[in-house]
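# Results of the structural survey
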Amino acid sequence: PLVGQPEQMLLLTMGVPTRSYDADGVKFLAYDERRVDIIPGTPGVGIWRAGAMPPQPIERWCETTFQVVQGTVRSFTLRGNACG
């Protein structure tokens, strides 16, 4: 819903970007989101705990980059394993 909106609306909605870059009057504003999910472990069988799996942390991230031309949001791209 931010495509076509003024840059100010993007900043009010998303806040200060993680990174920004300006190339020949085109701005790129990037926002990063990161979290760690824990996949539960499984108990083993028997005294020696054969087959036991410990909990595993999985890092999830998404980078949303907006393209702003002449003060208007023109497009965005998503990168990462937790976008959508």
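Up top you'll find the structure we're talking about.
Keep in mind that what you see is a predicted model, and the values were worked out from it rather than measured.

Turning next to a nonpolar patch on the surface. A surface patch of nonpolar side chains, amounting to about 260 Å² of accessible area, comprises Val-3, Phe-76 and Leu-78. If you trace the backbone, Leu-78 turns up in strand S4 (residues 72-80). Using a relative accessible area of 45% as the deciding quantity, one classes Leu-78 as partly exposed.

Moving on, we come to the sheet that holds strand S2 (residues 26-39). If you trace the 4 strands from one edge of the open sheet to the other, you get S1-S2-S3-S4, paired in antiparallel fashion. Taken across any chain shown, the strands that pair with only one partner, and hence form the sheet edges, are strand S1 (19-23) and S4. Between one strand axis and the next, the sheet turns by 20 degrees as a mean value, whatever way the strands run. Of the strand pairs in this sheet, S1 and S2 are connected by 5 bridges, and their pairing is antiparallel. Looking at S2, one finds that Asp-22 is bridged to Lys-27. Sheet strands in contact with helix H1 (residues 7-14) are S2, strand S3 (56-69) and S4, and its direction is about 20 degrees off that of S2.

The relative placement of two aromatic rings is captured by the distance of their centres and the angle of their planes. Inspection of the entire model under this criterion finds 2 aromatic pairs. Judged by centre distance (5.9 Å) and plane angle (80 degrees), the rings of Tyr-31 and Phe-66 are edge-to-face. Linking Tyr-31 in strand S2 with Phe-66 in strand S3, this pair joins segments that are 35 residues apart in sequence. Looking at Tyr-31, the relative accessible area reads 6%, which means it is buried. Ring plane angle 40 degrees and centroid distance 6.0 Å describe the contact between Phe-66 and Phe-76, whose orientation is recorded as tilted. With Phe-66 in strand S3 and Phe-76 in strand S4, the pair connects residues that are 10 residues apart, well separated along the chain. Three or more aromatic residues link up through ring pairs in this structure, and these residues are Tyr-31, Phe-66 and Phe-76.

One pass over the full model with this rule turns up 7 salt bridges. Residue Arg-35 is joined to Asp-37 by a salt bridge in which the shortest nitrogen-to-oxygen separation is 3.3 Å. By relative accessible area, which is 44% here, Arg-35 ends up partly exposed. Members of the salt-bridge network, linked through shared partners, are Arg-19, Asp-32, Glu-63 and Arg-79.

Rules behind the numbers
- Residues numbered from 1 in each chain as written.
- Predicted model: local features only at pLDDT ≥ 70, side-chain atom pairs only at ≥ 80, totals over all residues.
- Heavy atoms only, no water.
- Patch = residues over 30% accessible without salt bridge, like charges linked within 9 Å, V, L, I, M, F, W, Y side chains within 5 Å.
- Areas by Shrake-Rupley, 256 points an atom, 1.4 Å probe, with all protein chains shown as cover.
- Salt bridge = Lys/Arg side-chain N within 4 Å of Asp/Glu carboxyl O.
- Helix = DSSP H or I, 4+ residues; strand = E, 2+ residues; numbered from the N terminus.
- Buried < 20%, exposed > 50% of the residue type's maximum accessible area, 1.4 Å probe, protein only.
- Pairing = 2+ DSSP bridges.
- Axes fitted to C-alpha atoms, helices over the stretch in contact; angles between N-to-C directions.
- Contact = heavy atoms within 4.5 Å.
- Phe/Tyr/Trp six-rings, centres within 6.5 Å; stacked < 30°, edge-to-face > 60°.

Coordinates in, geometry out; function isn't part of it.
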